[in-house]
Amino acid sequence: ISPETLGQLEFLYVEVLDHSEYGIPTLEREVAAEPRLFMQLVALVYRRKGDGQDPAEWTIADEDRRRAAATASFSVLRRASRIPGTGSDGTINGNVLHKWIDDVRALGRDHGRIESIDCSIGELLAKAPVGKDGVWPCEGVRQALDSVASQDIANGMSTGRYNLRGAQWRGEGGQQERDLAAQYRGWAKAVGFQWPFTAKFLEQLARTYDREAVWFDTDANVRKRLNY
């Protein structure tokens, strides 16, 4: 089976493959290599803003088919974790990633979806690995993030990183959140000189967990007073 056909099959059965060991490896590689495919997935999920018309291949007249395509596209965007610029050894080339981001953002501007594109890019970058220095995100992503310096991409990364945490067992109060805030703040200090935009983003994440820690502390105190 050709990679193109295999990618189409993975898209068609993405809901079935979502929790499988196989996943969608061919589709992930194509998305990471082809900015226009990433743009098409976003276009099927999010409506365009402003004037203009999408290419014919992005337009599905039948409402049921359009809804099914949007659902599948959303699943691909949520499941995809391969960062563009990833080499055979797993390292990420920041220049290649930067070029991919620029190309996707240009398409987003042309097709009235720059905000949706930036947030979707950020949610993908949230799945980046830790760098060789033990700091998240890895060096290639820091390089690209600072070069582009998009707040919407940073916001998408924050959302994606937060969602990746998933459900967790927790004790009383906000100690888990304080620990996370300290971790992100430590990473921000570690990269602040070379990658200031990334450091700012990491500090914003730390502040988010600061606020959550206060909320959980307050909730725990209220429960004690009510003997709940």
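A short tour of the structure in this document, coming up.

The rules behind these values
- Residues numbered from 1 in each chain as written.
- Predicted model: local features only at pLDDT ≥ 70, side-chain atom pairs only at ≥ 80, totals over all residues.
- Heavy atoms only, no water.
- Helix = DSSP H or I, 4+ residues; strand = E, 2+ residues; numbered from the N terminus.
- Contact = heavy atoms within 4.5 Å.
- Areas by Shrake-Rupley, 256 points an atom, 1.4 Å probe, with all protein chains shown as cover.
- Lys, Arg positive; Asp, Glu negative; His and termini not counted.
- Charge placed at Lys NZ, Arg CZ, Asp CG, Glu CD.
- Buried < 20%, exposed > 50% of the residue type's maximum accessible area, 1.4 Å probe, protein only.
- Axes fitted to C-alpha atoms, helices over the stretch in contact; angles between N-to-C directions.
- Parallel < 35°, antiparallel > 145°, perpendicular 65-115°, else oblique.
- Left-handed = near helix turned anticlockwise from the far one by under 90°.
- Nonpolar A, V, L, I, M, F, W, Y, C, P; charged D, E, K, R; others polar.

Describing the overall build of the protein chain
- Scanning the protein chain from N- to C-terminus turns up 11 helices and 0 strands.
- Helices and strands in the protein chain line up, N terminus first, as α-α-α-α-α-α-α-α-α-α-α.
- With respect to the three principal axes, the spread of C-alpha positions in the protein chain is 60 × 45 × 40 Å.
- The long-range fraction of contacts in the protein chain, counting pairs at least 24 apart against all pairs at least 6 apart in sequence, stands at 66%.
- Only carbon and sulfur atoms are counted for the fraction: they give 53% of the accessible area of the protein chain, which is about 12,900 Å².
- The average position of the 30 basic charges and that of the 33 acidic charges among the side chains of the protein chain differ by 5 Å.

Section: the side chain of Arg142
- On the secondary structure map, Arg142 appears in helix α8 (residues 139-148).
- Assessed through its relative accessible area of 0%, Arg142 is described here as buried.
- Contact partners of Arg142, with chain neighbours within four places excluded, come to Gly131, Asp133, Val135, Pro137, Val191, Trp195 and Thr198.

Overview of the packing of helix α4 (residues 35-45) against helix α5 (residues 63-79)
- Across the interface, α4 lies against α5 with an axial gap of 8 Å and an inter-helix angle of 130°. Judged by the inter-axis angle, α4 sits oblique to α5. Relative to α5, the crossing made by α4 is left-handed. Of the residues in α5, those touching α4 at Phe38, Leu41, Val42, Leu44 and Val45 are Ala69, Ala70, Ser73, Phe74, Val76 and Leu77.
- In the contact of α4 with α5, the residues fall into 10 nonpolar, 1 polar and no charged.

Some details on unusual backbone geometry
- Cis geometry marks the peptide bond from Trp136 to Pro137; its omega dihedral reads -5°.
- Its location among the elements puts Pro137 in the loop between α7 (114-125) and α8.
- Despite not being glycine, Ala149 shows a phi value in the positive range, around 50°.

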